[in-house]
Amino acid sequence: MTTVRLEPRFHQCLRDNLRFRSESKKTKLSYFNYSPLKLVFNGGSFCNFKSLSVPAIRASSTVTTTTETSDVSEVTFQETFTLKRTQTVEGKISVRLEQGEDEENWRLTVGCDLPGKWVLHWGINYIDEVSSEWDQPPPEMRPPGSVPIKDYAIETPLKNLPSTSEGKTFHEVQINFNTNSSIAAINFVLKDEETGAWCQHRGRDFKVPLMDYLHEDCNIIGTKKSFGFWPGALGKLSTMHLEPERSQTKDQDDISEQMDPKQQNRSLEGFYEEHSIVKGTPVENFMTVSVTKSPEKDKNIVRLETDLPGDTVVHWGVCRDNDKKWEIPAGPHPPETKIHKKMALQTLLQPKEDGHGSWGLFYLDKELMGFLFVLNLNEKTWLNYMGSDFYIPLSNSGSLAKTSIHDGPGSSSVGVSGETTEASKTVSQAAYTHGIISEIRNLVSDIHSERSSSKTKSKEWQENILQEIEKLAAEAYSIFRDSSPTFVEESTPETETLKPPAKVCSGTGTGYEILCQGFNWESHKSGRWYLDFKEKVNELASLGFTVIWLPPPTESVSPEGYMPKDLYNLNSRYGSMEELKILVNSFHQVGIKVLGDVVLNHRCAHYQNKNGVWNIFGGKLNWDDRAVVADDPHFQGGGNKSSGDSFHAAPNIDHSQDFVRNDLKEWLFWLRKEIGYDGWRLDFVRGFWGGYVKDYMQASEPYFAVGEYWDSLSYTYGELDHNQDAHRQRIVDWINATNGTAGAFDVTTKGILHDALGRCQYWRLSDQKGKPPGVVGWWPSRAVTFIENHDTGSTQGHWRFPGGKEMQGYAYILTHPGTPAIFYDHLFSHYRSEISALLSFRHRLKIHCRSTVQIAKAEHDVYAAIINEKLAMKIGPGHYEPPSGPQKWALALQGNDYKVWEAS
């Protein structure tokens, strides 16, 4: 299916296009160690964006039609959309290895016959180091024009050779080398700098082996093994589709036992290979939609006009309320209209007189609320609006339509100014929360659409608006959730200019974060963890992580860091303060944010009071017993009662004290400035009220923050209850108390996965309303999903994930909304290649914390879901195949009891 980008001309979409962009952008190279997984990335899908209803702009002139134009008066809606799609050009990539002047000198030639600005991004492996890490080749091996990239690679432009007999351009680069050198392999990927697209082999680097024992690697080329090519995900989605050859047989996949490199035969055999490649060329078209009133006929007239070539079919219907349920309107209908499955109408647009595009008129009754449609260009190409149907408001009052942005599955509500909504009635707490979120989002989006129609806002500005709305919604819920809500709309003067907020402190990042826990329970034992972990910085960046969670940095009674003593002493069992600063800076240099693990609930004292109780503190924060809560009998605190649960191993801090909060805010600010932390992992947040966290987050302004709210799920006679709403409600209540300034680990999802996978009860992965049963089903932008951490796994093993089921767990969290977190022990294990494949796939398909989920199956032995209408997945031993229809599905990843498909 052809991929098409669709966005309004005057309004920038909230999300980047999931496919091809004409502008050249930098991408970050990824290296992958794949096990023999099947990776098939085929091109094409519906346009899938975060749902956003169509913004309305009041037009200054009437619409001219070819029939009955005398009836037309007021224009109530007009919008022009830019249609960005791709046309494909087929070509070939060639790879040739041949002998040069003598037996010792050889030449590798890489060519491409497609137009573009092609660059070879390449490096080598030496005999004693044949891992996925690259090294730069020696200077004598680098062709003219080569440019070093950091310390691991070279970029060499391909030369544009004279046209072939067929009139095609051809690009080529040659690398000369000597077989007497200690080079074991040449690695490369091909990049088109005009588009930012990368071409890889099996989602990894091309590897040309220069000795026999490397032939066991699954991404080598130039051997007798059959192999296929797929586009890679090097930080961006490639729009080049390398067509796979026949898959290899089981015997061909057998890996031979590795031999001593010194015993290998270094004689080479030349080869020449060609592989089909398809490049997408960007093409722009437009579509204008307008609504006018016809007073004489008491009708609304919708006019569609486009310059799309060929036949364009409008698949359409109407709706009578905010539910946007399709129905077929009463006739008469436009010419060339037929009924489709008794659910919608299909109308072929009429060609324009000049032959450039087509148009259509639709006469609709005035009592209808909206006009719904999608476009069909041909059998494989459909156009919708940001993953949803086009929705054009048919206003009775002439007022402009409100737009709406939503967080999670479900439809956005689009209304007309002055309409009474169901949210003004007394509703349940959950419905009320949703109503507040919808109303505030509608309000801000309405202001945006009315006052910024002539200017395109940046993506960062729009994300800031969304985050501010969510903070307001959270605060409204926490204050008014026990009362009957009443909404009052306030008008804003037309002359007022909407300005972006000066600074937003949401603690929730961009929505595309992938978190790695950068330690386990034993990491402190070396005494030099910061130095050791620094060696993995580039590796973690290449895998696509955006945020790293480091261990507690302070002096601590316990070596792991969770019994802090002097908060300003950052010389810990993990290393010195200077080593920590170097490590944080190293992550920043590769574009990764760093979270500090801060323990705010409790603190170990330096001195005893007159009764011999340890509750007097030293160091810079030399608090007395007033800093300790009064209701913990172990430490005889002089403060107020605790606002949460007690942690009995150390004095619990009384956050109601002004001096305590001021000192902690100053400390967090110091950590941000002195160390460079970008955000926080908050330990044991059950111990104190989330409102204090709000205070700390607003003071320290983190990029990302996540709290550990871990308590027990609901069980009956030892059996996990299906309904875990009470459990996730407690986590959501804590997030609400923070004003939405921090997310929380989705302990609910982890617990349900335990029983679903461990007991083959996959029906547990759908709640009573058909949504994901954890926090991710209610508030996905604040849910940090995980399957293991230093407490639950590692050597502690307090709540270990079912053995052998880990990859099913990662297949779930890495394909679903929320912010996934990967545990260190799993990443650096035999699961690494499968995890890296899922990470790459998530990046490439732009799955984010607010992606939509449609659960397709939740039965005893299988769970399946479709995410953003472009990714299908299943876990469990049971059978599932994505449904056939306008979308076709290609298997992209599979492992033990899990599969992932991509829409094509």
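Up top is the structure these notes are about.
What you are looking at is a predicted structure, and each value in this text was computed from that prediction instead of being measured.

A. Highlighting the overall build of the protein chain. Of the regular secondary structure elements, the protein chain holds 13 helices and 39 strands. Sorting the 904 residues of the protein chain into buried and exposed places 59% on the buried side. Across the protein chain, every contact between residues at least 6 apart in sequence was considered, and the portion connecting residues at least 24 apart equals 70%. Carbon and sulfur atoms make up 48% of the accessible area of the protein chain, which amounts to about 36,700 Å² in all.

B. View of the packing of helix H11 (residues 806-813) against helix H13 (residues 832-844). At their nearest, the axes of H11 and H13 sit 10 Å apart, and the two run at 10° to each other. The angle between H11 and H13 falls in the class roughly parallel. Of the residues in H13, those in contact with Met807, Tyr810, Ala811 and Ile813 of H11 are Glu834, Ile835, Leu838 and Arg842. When its residues are assigned to classes, the contact of H11 with H13 shows six nonpolar, no polar and two charged.

C. Structural view of the sheet that holds strand S25 (residues 593-598). The eight strands are arranged S23-S24-S25-S28-S29-S32-S33-S34 in a closed barrel whose pairing can be described as parallel. The mean inter-strand angle of the sheet, taken between neighbouring strand axes irrespective of direction, is 30°. Bridge analysis of S25 against strand S28 (residues 679-682) gives four bridges, and the strand direction is parallel. Residue pairing across strands places Leu595 opposite Gly679, the latter belonging to S28.

D. View of helix H7 (residues 658-675). For H7, spanning 18 residues, the distance from its first C-alpha to its last is 25 Å, which sits close to the expected 26 Å at 1.5 Å a residue. Those residues of H7 hidden inside the fold are in contact with helix H6 (577-589), S25, S28 and helix H8 (690-700).

E. Representation of the packing of aromatic side chains within the structure. Tallied over the entire structure, the rule returns 26 aromatic pairs. For the ring pair Trp529 and Phe533, a centre distance of 5.7 Å and an interplane angle of 15° mean the geometry is stacked. Of this pair, Trp529 and Phe533 are both found in helix H4 (residues 529-534), four residues apart, which corresponds to roughly one turn of the helix. Assessed through its relative accessible area of 0%, Phe533 is described here as buried.

F. Representation of the side chain of Gln808 in the model. Along the chain, the position of Gln808 falls in helix H11. At 3.2 Å, the side chain of Gln808 and the backbone nitrogen of Gly876 are in polar contact. The residues contacting Gln808, other than those within four sequence positions of it, are Leu757, Tyr762, Ile875, Gly876, Asn896 and Asp897.

G. Spotlight on the nonpolar core. Counting residues in hydrophobic clusters, the biggest one holds 118 residues, and the most contacted among them are Phe545, Phe587, Tyr810, Tyr863 and Ile875. When residues in this core are grouped by element, the largest group, six residues, is from H7. Setting aside residues no more than four positions away along its own chain, Tyr863 makes contact with Tyr762, Leu765, Tyr812, His816, Val853, Ile855, Lys857, Ala858, Met873, Lys874 and Ile875. With 30 residues, the next largest nonpolar core counts Trp118, Phe177, Phe188 and Val208 among its residues.

H. Unusual backbone geometry, seen in detail. Here Gly331 and Pro332 are connected by a cis peptide whose omega angle stands at 5°. Assignment of secondary structure puts Pro332 in the loop between strand S15 (313-319) and strand S16 (337-340). One non-glycine residue, Phe684, lies in the positive phi region at around 45°. Along the polypeptide, Phe684 turns up in the loop between S28 and H8. Judged by its relative accessible area of 17%, Phe684 falls in the buried class. Even without being a glycine, Glu869 presents a positive backbone phi close to 60°. In this fold, Glu869 is placed in the loop between strand S36 (863-867) and strand S37 (871-875).

I. Geometry of the environment of Ile867. For Ile867, the location among the structural elements is in strand S36. Residue classification places Ile867 among the buried positions, given a relative accessible area of 0%. Taking the C-alpha atoms as reference points, Ile867 and Ser851, separated by 16 residues in sequence, lie 6.7 Å from one another.

J. Just the pairing of strand S9 (residues 183-192), in detail. The element S9 is extensively covered by neighbouring structure, given that ten of its ten residues are classed as buried. As defined by bridge partners, strand S4 (residues 118-126) adjoins S9 across nine bridges and the pair is classed as antiparallel. The residue of S9 that forms the bridge with Ile124 is Ile186.

K. How the structure looks around helix H9 (residues 725-737). Along its 13 residues, H9 runs 18 Å from first to last C-alpha, staying within 8% of the 18 Å computed at 1.5 Å per residue. Listed as buried for H9 are His727, Arg728, Ile731, Val732, Trp734, Ile735, Asn736 and Ala737. Remark: Asn739 follows H9 within two positions and exhibits a positive phi of approximately 70°.

L. Quick look at the sheet that holds S36. Here five strands make up an open sheet; going across it, the order is S35-S36-S37-S39-S38 and the pairing antiparallel. Bordering the open sheet on either side are strand S35 (853-858) and strand S38 (889-895), each of which pairs with just one other strand. Pairwise comparison of adjacent strand axes, ignoring direction, gives a mean angle of 20° for this sheet. Judged from the six bridges that link them, S38 and strand S39 (residues 898-903) form a sheet pairing that is antiparallel. Bridging across to S39, Gly895 finds its partner in Tyr898.

M. Highlighting the pattern of salt bridges. Under the criterion given, the structure shown has 27 salt bridges. Between Lys525 and Glu522 there is a salt bridge, with its nearest N and O atoms 2.5 Å apart. Assessed through its relative accessible area of 61%, Lys525 is described here as exposed. Linking Glu788 and Lys750 is a salt bridge whose minimum nitrogen-to-oxygen distance equals 2.9 Å. Here Glu788, found in the loop between strand S33 (783-785) and H11, pairs with Lys750, found in helix H10 (residues 747-758); they are 38 residues apart in sequence, far enough to count as distant. As far as the burial class goes, Glu788 and Lys750 line up, both buried. Linked by salt bridges that have partners in common, Asp597, Arg681, Asp683 and Glu708 make up one network.

Reading the values: rules and limits
- Residues numbered from 1 in each chain as written.
- Predicted model: local features only at pLDDT ≥ 70, side-chain atom pairs only at ≥ 80, totals over all residues.
- Heavy atoms only, no water.
- Helix = DSSP H or I, 4+ residues; strand = E, 2+ residues; numbered from the N terminus.
- Buried < 20%, exposed > 50% of the residue type's maximum accessible area, 1.4 Å probe, protein only.
- Contact = heavy atoms within 4.5 Å.
- Areas by Shrake-Rupley, 256 points an atom, 1.4 Å probe, with all protein chains shown as cover.
- Axes fitted to C-alpha atoms, helices over the stretch in contact; angles between N-to-C directions.
- Parallel < 35°, antiparallel > 145°, perpendicular 65-115°, else oblique.
- Nonpolar A, V, L, I, M, F, W, Y, C, P; charged D, E, K, R; others polar.
- Pairing = 2+ DSSP bridges.
- Expected span 1.5 Å × (residues − 1).
- Phe/Tyr/Trp six-rings, centres within 6.5 Å; stacked < 30°, edge-to-face > 60°.
- Polar contact = N/O pair within 3.5 Å; in protein donor to acceptor, adjacent residues only side chain to side chain.
- Core = buried A, V, L, I, M, F, W, Y, C linked by side-chain atoms within 4.5 Å.
- Salt bridge = Lys/Arg side-chain N within 4 Å of Asp/Glu carboxyl O.

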